[in-house]
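An overview of the molecular structure
Next come the chains, spelled out residue by residue.
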Amino acid sequence: MNEALLNGLALAADGPKFPTVNDFLLPQIIFPGTPFAMNRIIMVRIIATVIMLIILGISAARAKLIPGRWQGAVEWVIEFVRDQIVYQVMGKERGQRYLPMITTMFFTILVFNLCGIIPGFNIAATATITMPLVFAGWCFCQYWIAGIREKGLGSFLKDELFPKGVPAPIYILLTPIQILELLVIRPVSLTLRLFANMVSGHITVGVCLAATQWFLIEIPNKLWSILGVGTLAAGLIMTLFEILVAALQAFIFAMLTTAYINMSYPETE
């Protein structure tokens, strides 16, 4: 018993290979060294996008007046985005303009997030900074476009940089902060919120499963197997939690995008 325990401790000294942020810096596997080079996470994005478009396209082509279970589920998600996000924040008249954008953003982020728990993909397509930054850039391009269209460039910048009701001397401090918030803080916070949640979730699940592999397979000892059962249970729980986080982050990103765009309209000042 003691000898087996000592052998297990000797093996445990090396420890399992836990995931790190370096696992997200994947090597190029297709067209390396060219402008079209792709690594695994880019391939996951392309495959997930194609699958999503095929599934939604087939669902739309086979739509019936009395929906079946699948059609009903898809329509429920679309109606949820429409009623609980877009129309609730913007109202119906204004929200119709942005409904396609917000719905596309919600579905894409949701599917990309769920790639982290799909066997064969095993990594969220939003787990590098690029994809969340693209969505945040899309959001704030629309923010600027809506503000300039509704107010004109001069009035839009004046309202953003020189908020009304503030004593003139305060603008010396407030205006630089407003510039940072408009150009840096809001886009970066929107980007990092999605990126950090998906990276941390991937690493947490990876740590649990790596520990399970180590305790149950690498160390041939029943005593250590008890820990393996615990880490396996933790991994399963975290996987379920990751599904919740994937949906929640898609909802939060879509809701914040809708709110930011709505803020550019005059009556929301």
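Residues numbered from 1 in each chain as written. Predicted model: local features only at pLDDT ≥ 70, side-chain atom pairs only at ≥ 80, totals over all residues. Heavy atoms only, no water.

Going by the annotation in an unreviewed UniProt entry, the name recorded for the protein is ATP synthase subunit a, with Bifidobacterium cebidarum given as the source organism. Here is the UniProt Function (unreviewed entry) comment for the protein, exactly as written: "Key component of the proton channel; it plays a direct role in the translocation of protons across the membrane." (UniProt positions renumbered as here; feature names shortened; annotations may be inferred.)

Thoughts on the packing of aromatic side chains
Scanning the entire structure with this criterion turns up 9 aromatic pairs. Where Trp-144 meets Phe-156, the ring centres are 5.3 Å apart and the plane angle is 65 degrees; that geometry is what we call edge-to-face. In this pair, Trp-144 is assigned in helix α5 (residues 130–151) and Phe-156 in helix α6 (residues 153–161), connecting sequence segments 12 residues apart. Looking at Trp-144, the relative accessible area reads 24%, which means it is partly exposed. Aromatic pair Phe-162 and Tyr-171: ring centres 5.3 Å apart, planes at 80 degrees, arrangement edge-to-face. Assessed through its relative accessible area of 37%, Phe-162 is described here as partly exposed. Joined through ring pairs, the aromatic side chains of Phe-140, Tyr-143, Trp-144, Phe-156 and Tyr-260 make up one cluster. Residue placement shows Arg-94 over the ring face of Tyr-265; its charged tip is 3.9 Å from the ring centre. (Phe/Tyr/Trp six-rings, centres within 6.5 Å; stacked < 30°, edge-to-face > 60°. Helix = DSSP H or I, 4+ residues; strand = E, 2+ residues; numbered from the N terminus. Buried < 20%, exposed > 50% of the residue type's maximum accessible area, 1.4 Å probe, protein only. Lys NZ or Arg CZ within 6 Å of the ring centre and 35° of its normal.)

Some details on the packing of helix α4 (residues 92–114) against α5
In contact at an axis separation of 11 Å, α4 and α5 are set at 170 degrees when each is read in the N-to-C sense. Of the possible angle classes, the one that applies to α4 and α5 is roughly antiparallel. Each of Arg-97, Tyr-98, Met-101, Thr-104, Met-105, Thr-108, Ile-109 and Phe-112 in α4 lies in contact with α5, whose residues at this interface are Met-131, Phe-135, Trp-138, Cys-139, Gln-142, Ala-146 and Arg-149. Of the residues in the contact of α4 with α5, the class split is 10 nonpolar, 3 polar and 2 charged. (Axes fitted to C-alpha atoms, helices over the stretch in contact; angles between N-to-C directions. Parallel < 35°, antiparallel > 145°, perpendicular 65-115°, else oblique. Contact = heavy atoms within 4.5 Å. Nonpolar A, V, L, I, M, F, W, Y, C, P; charged D, E, K, R; others polar.)

Digging into the environment of Phe-121
The residue Phe-121 is located in the loop between α4 and α5 in this model. Judged by its relative accessible area of 14%, Phe-121 falls in the buried class. Counting along the chain gives 68 residues from Phe-121 to Ser-189, while the straight-line C-alpha distance between them is 27 Å. Once you skip the residues sitting within four places of it in the chain, Phe-121 turns out to touch Arg-40, Val-44, Ile-47 and Cys-115.

A look at unusual backbone geometry
We note that Asn-122 has phi near 55 degrees; this positive angle belongs to a residue other than glycine. Considering the arrangement of structural elements, one finds Asn-122 in the loop between α4 and α5. In this structure Asn-122 comes out as partly exposed when scored by relative accessible area, which is 40%.

Considering the nonpolar core
Counting residues in hydrophobic clusters, the biggest one holds 49 residues, and the most contacted among them are Ile-85, Val-86, Tyr-98, Ile-102, Phe-106 and Phe-253. Breaking this core down by element, the ones donating at least two residues are α2 (40–61), α3 (69–90), α4, α5, α7 (171–218) and α8 (222–263). By residue number, the principal contributor to this core is α4, which donates 10 residues. If we skip the residues at most four places from it in the chain, Val-86 touches Val-81, Gly-91, Gly-95, Leu-99, Ile-102 and Thr-258. The next biggest cluster of nonpolar side chains, apart from the first, holds 5 residues, and it includes Ala-211, Trp-214, Phe-215 and Trp-224. (Core = buried A, V, L, I, M, F, W, Y, C linked by side-chain atoms within 4.5 Å.)

Section: the UniProt feature "transmembrane region" (unreviewed entry) in the protein
In this structure's numbering, the residues bearing the UniProt feature "transmembrane region" (unreviewed entry) are residues 41–61, 98–121, 127–147 and 194–216. For residues 41–61, helix accounts for 100% and strand for 0%, while the C-alpha atoms at its two ends are 30 Å apart. Secondary structure across residues 127–147 divides into 86% helix and 0% strand, with the first and last C-alpha atoms of the span separated by 31 Å.

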